[in-house]
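Structural overview
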Amino acid sequence: MPNLLSPSTRGSIDLPAADLDWLHQLIADWQVIADLSVSDLMLWIRTDTGRFVAAAHCRPATGATVHLEDVIGRRMPAAREAVALETLTSVQVVVAADPEWTGTTAVREEYVPVVRDSEPIAVVTRETSVGVMRGGRIVHQAQEDLADALCLMIAQGAFPIRGAATGVRHGTPRVGDGVVRLDDDGTVVYASPNARSCFYRLGLTDDIDGRVLAEAVTAIIPERTPVEETMAVVLMGRQAWLAEVEASGVFLSIRSIPLRRDGERTGALLLVRDVSEIRRREQALLNKDATIREIHHRVKNNLQTVSALLRLQGRRATNDETREALAEAERRVATIATVHAALSQNVDETVDFDEVFASVLRGAAAVATAGGRVTTHIEGTFGVVQADAAQALATVLAELVTNAVEHGLEDCDGTVTVTAERDGDDLTVHVIDDGVGFEPGTVMTGLGTRIVSTLVHGELRGIIDWQPVTDPARGGHGTDVVVRARLAPS
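Scope of this entry: the structure provided in the associated data block. (Residues numbered from 1 in each chain as written. Predicted model: local features only at pLDDT ≥ 70, side-chain atom pairs only at ≥ 80, totals over all residues. Heavy atoms only, no water.)

**Overview of the nonpolar core**
Core analysis: the largest hydrophobic core is formed by 40 residues, its most contacted members being Phe-353, Phe-357, Phe-382, Leu-397, Leu-400, Val-431 and Leu-460. Elements that contribute at least two residues to this core include exactly helix H9 (320-343), helix H10 (353-367), helix H11 (387-408), strand S17 (414-423), strand S18 (426-433), helix H12 (447-458), strand S19 (463-468) and strand S20 (479-486). Per-element tally for this core: the top contributor is H11, with 13 residues. Ignoring any residue separated from it by four or fewer positions in sequence, one finds Leu-397 in contact with Phe-353, Phe-357, Phe-382, Val-429 and Val-431. Leu-20, Ala-34, Ile-45 and Ile-257 belong to the second largest nonpolar core, which has 38 residues in total. (Core = buried A, V, L, I, M, F, W, Y, C linked by side-chain atoms within 4.5 Å. Buried < 20%, exposed > 50% of the residue type's maximum accessible area, 1.4 Å probe, protein only. Helix = DSSP H or I, 4+ residues; strand = E, 2+ residues; numbered from the N terminus. Contact = heavy atoms within 4.5 Å.)

Written out as structure tokens, the structure is:
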């Protein structure tokens, strides 16, 4: 949306916030007028110097533009300012007596006062190439009349319509998709060829001219078919809103713009678009997302089953070494299952790792064989992490926390603190315990440590380092394991 307070306007604009908001609403919804009349629309605002300056410009999507160059920020020629002042003074739509010539092209100019709460606040010019043929096609008079009706509403303060649906969902219709005009009873007065095709695909095989559109559409919708609550008022043109109609697998998006003149309702403009293909693609994506979530859910269930079997086997083991190995395997499987449980709740392949790791940390500390009382803390945040990196990161941190409890805090009370620092895709994690520390040459010897190193260097594209704790605030002893990882963009 253009900035109406741009310094390029060569003068300040002293308009109340409510007026500026009204102009922004107009700019958001005036494309329909440009497309209906195949005209350029320009918004002119008067600055404190008394000159009119172009604050916004809209080109038609249905034909050729009058202005190939950018005109925003330019002053209105002095000869045209007299007509603009007349428009503001009379608060009436004024058509220039003679066309403006731009090179070899004659341009018809129409000046429309922008009115809010009965006060004119700006001027819109509708600039149209003179001639029947515009942009390589014949312009329909019925669409010209609709553009005239909307311009009159601007001059009477009835357009833009507060709360109108200008972009509610993907697939909002535009003039090129299909145009229908209704009278005040909801009867079809005019329908463009594209609009007729849309309703034909919906099931209205007879001519819709002269029919009450709401009744005709309702008659072809099967019983017990759910419909939007706003469908009736939109098809009658009673409410400025957007509704969707579905019949036999065909989806039409219909936008209603009620028409008013002198405070009285005179009918409505409907914009119609066949969005069947869009909705089919959306449904296919939803089905794909549901399938992915179901796969993660089943993987989680299978891993939990494997974890239970390992636990059962561990209970039947006859020696401590086997029992300990099975318990470690069970913990590793449970950690991966926790990540899949989180993935089964999302529509994308990402997880909130802070929630996942809180569960992993509790499990890792609980199953470690420490004789003392261990307290765990988490500092900082991990943020959102992609699925592959989340599984590797969860396994690495679970192993490090378990090692800290089993070896650093063996048979004594202590604390394990995990700190996370996230900077974009770069993650630095410290796993710190206040235990006995380690002897040089003793790390990188166990299976868990080898697993951690492999995952950090491979899956996480990072490095890992063991170092003694020297911070007096943490007791001056213990181990600080630093993991620096490069996460894939989330």
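**Quick look at the pattern of salt bridges**
For the structure on display, the rule yields 18 salt bridges. Notably, a salt bridge pairs Glu-69 with Arg-74, separated by 3.8 Å at the nearest N-O pair. What makes Arg-74 partly exposed here is its relative accessible area of 43%. Between Arg-126 and Asp-148 there is a salt bridge, with the nearest N and O atoms lying 2.4 Å from each other. Here the residue Arg-126 occupies a position in strand S6 (residues 119-129), and Asp-148 occupies one in helix H4 (residues 141-155), the gap between them amounting to 22 residues. One continuous salt-bridge network, built from bridges that share partners, spans Arg-108, Glu-110, Arg-126 and Asp-148. (Salt bridge = Lys/Arg side-chain N within 4 Å of Asp/Glu carboxyl O.)

**Re the pairing of strand S5 (residues 105-116)**
Buried residues dominate S5, accounting for ten of its twelve residues. Pairing of strand S3 (residues 94-95) with S5 involves two bridges; the strand directions are antiparallel. Following the sheet pairing, Val-94 is matched in S5 by Tyr-111. Relative to S6, S5 runs antiparallel, the two sharing ten bridges. Its bridge partner lying in S6, Arg-116 is registered against Glu-119. Hairpin geometry of S5 and S6 is characterised by an intervening segment of two residues between the two adjacent antiparallel strands and by a positive phi of about 50° at Asp-117. (Pairing = 2+ DSSP bridges.)

**Structural notes on a negative patch on the surface**
Among the surface-exposed residues, Asp-348, Glu-349, Asp-388 and Glu-459 lie close enough to one another that they form a single negatively charged patch. When you line up the elements, Glu-459 lands in the loop between H12 and S19. (Patch = residues over 30% accessible without salt bridge, like charges linked within 9 Å, V, L, I, M, F, W, Y side chains within 5 Å. Areas by Shrake-Rupley, 256 points an atom, 1.4 Å probe, with all protein chains shown as cover. Lys, Arg positive; Asp, Glu negative; His and termini not counted. Charge placed at Lys NZ, Arg CZ, Asp CG, Glu CD.)

**Re the sheet that holds S19**
With respect to topology, five strands assemble into an open sheet ordered S15-S17-S18-S20-S19, the strand pairing being mixed. Pairing within the sheet leaves two strands with one partner each, and these edge strands are strand S15 (374-380) and S19. This sheet shows a mean twist of 15° between the axes of neighbouring strands, independent of strand direction. In this sheet, S17 lies alongside S15 in parallel orientation, the contact comprising seven bridges. When the bridges of S17 are listed, Glu-379 appears paired with Thr-419. Across the face of the sheet, H12 comes into contact with S19 and S20 while running at roughly 135° to S19. (Axes fitted to C-alpha atoms, helices over the stretch in contact; angles between N-to-C directions.)

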